[in-house]
Amino acid sequence: MRFIHTSDWHLGKSLKAESLLDDQAHILGEILRAVDDQKADALIIAGDIYDRGVPPADAVDLFNEILIKLVERKLPILCIAGNHDSPQRLNFGSRFFERSQFFMRSLVRSDDQPIALEDQFGAVYFSLIPYFDPSRVRDAFGVDDYISFDEAGFILISDARSKIPRGARAVAVAHAFITGGERSDSETQSVGGADNVSASHFNGYQYVALGHLHKPQSMGKSIRYSGSPLKYSFDEWQHRKGLLSVEIDGAGRTSTEFLPLTPKHDLVVIEDTIENILKRPPSTDYIAVRLLDRTPVLHARAKLEPTFPNVLSLEKIGLNWQPSDEEARRREGASMLEEFKDFYRYQTDETMSDEELKALEKCLVDVEGNEIL
């Protein structure tokens, strides 16, 4: 059996107030082509379908469109809720949709059963484990005592594994932070690693299809994050985004192939002087510009726009100046004039001329006419 593992679509997301819906529509088309090219037997969406619990209407329409195209292919879709999704909203019609082989699990429940899909060797059982926290697991399993995220994960995952026949091939689909994973800025952060879940809880599964972390990564043998299909923060600009094609044979052995996806617009960070940046070829990619110029650049965005119309972030890091501890101690008690002279020298590698010093001295007078030098 071959299935496609994806996660973290975050439909409806914006980046620096720029809607990414057209980019998401494009990348879903790329995923659909991969499903066809790979002749996949199923598609996994491991949580965070939407970017927020109440998604915009056009994001819901986009998800509806891709579901119709997948169902037309008679392709089983195995889907769970992530921490950005509303469990109750995603649960609407879930039992009815199973008639079209769209299997959604969004609520933490103690009576959920695995989904069995058949190939020439028999059944492969899929445990669909939606995003959970301790309170949801306590309510679902009648636990009275305090439990941590890790303990909640153990209870929920162990229960899911116990419902799969002994010796059968088993795949877990989950949305969680596995201890040791590498986070990105676009993910929801917990305090002090409180949401850590041990990878060992998934022992007994031949493959674990994870969602939540946006960088593709492996957390152990056959425990994988597919990562998000698009770059959703500028710290992800060097990530290779894609999906995973997973094959499981009759003995339960798995092989995985990473399939890169080509976005409509890439996400790029350019760190250079304005002069050098303007020598680059034109690009419609989403760009974060970090100017290294040591002198002010007037109307920087207007200068960049004809060549780079999608500059979403502009920083003048060459003008950021913070004295070292040694410099700060040396200048304790320094006058404002001396501070300005040091700053000017730092930015330009030159000293102020006599004419500039006189102009500065004239400015550094308070409203009462008292010198403050």
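Each remark here, short or long, concerns the structure printed above.
The following refers to the structure shown.

The rules we used
- Residues numbered from 1 in each chain as written.
- Predicted model: local features only at pLDDT ≥ 70, side-chain atom pairs only at ≥ 80, totals over all residues.
- Heavy atoms only, no water.
- Pairing = 2+ DSSP bridges.
- Helix = DSSP H or I, 4+ residues; strand = E, 2+ residues; numbered from the N terminus.
- Axes fitted to C-alpha atoms, helices over the stretch in contact; angles between N-to-C directions.
- Contact = heavy atoms within 4.5 Å.
- Salt bridge = Lys/Arg side-chain N within 4 Å of Asp/Glu carboxyl O.
- Buried < 20%, exposed > 50% of the residue type's maximum accessible area, 1.4 Å probe, protein only.
- Expected span 1.5 Å × (residues − 1).
- Arc of directions from axis to C-beta.

Let's talk about the sheet that holds strand 15 (residues 242–248)
And then number 1: Spatially, the six strands line up as an open sheet ordered 6-5-4-1-15-16, and their pairing is mixed. The sheet is open, and its two edges are formed by strand 6 (102–105) and strand 16 (254–260), each paired on a single side. Ignoring which end each strand starts from, the neighbouring axes of this sheet average 20° apart.
And then number 2: Both strand 1 (residues 2–6) and strand 15 contribute to a ladder of four bridges, which runs antiparallel. Of the residues in strand 15, the one forming a bridge with I4 is S245.
And then number 3: Strand contacts of helix 2 (residues 57–72): strand 4 (42–46), strand 5 (77–80) and strand 6, with the helix running at about 150° to strand 5, the strand carrying the most contacts.

What about the side chain of T307?
And then number 1: Here T307 shows up in the loop between helix 8 (300–304) and strand 19 (311–315).
And then number 2: Excluding its chain neighbours within four sequence positions, the residues that come into contact with T307 are L278, R280, P281, P282 and S283.

Observations concerning the pattern of salt bridges
And then number 1: For the structure on display, the rule yields 21 salt bridges.
And then number 2: Here D133 ties to R136 by a salt bridge, and the two come within 3.6 Å at their closest N and O atoms.
And then number 3: With a relative accessible area of 17%, D133 lands in the buried category.
And then number 4: One salt bridge in this structure joins R290 and E271, with 3.9 Å as the shortest N-O distance. Highlighted residues: R290 in strand 18 (residues 286–291) and E271 in strand 17 (residues 267–272), separated in sequence by 19 residues.
And then number 5: Take R290: its relative accessible area is 27%, and that puts it in the partly exposed class.
And then number 6: Three or more residues are tied together by salt bridges with common partners; here these are R95, E98, R105, R109, D111 and D112.

As for helix 6 (residues 149–162)
And then number 1: An ideal rise of 1.5 Å per residue puts 20 Å on 14 residues; helix 6 measures up with 20 Å between its terminal C-alpha atoms.
And then number 2: Within helix 6, the full set of buried residues consists of F149, A152, G153, L156, I157, D159 and A160. Buried residues of helix 6 fall within an arc of 155° about the axis and therefore sit on the same side.
And then number 3: On its buried face, helix 6 sits against strand 8 (122–129), helix 5 (134–141) and strand 11 (196–197).

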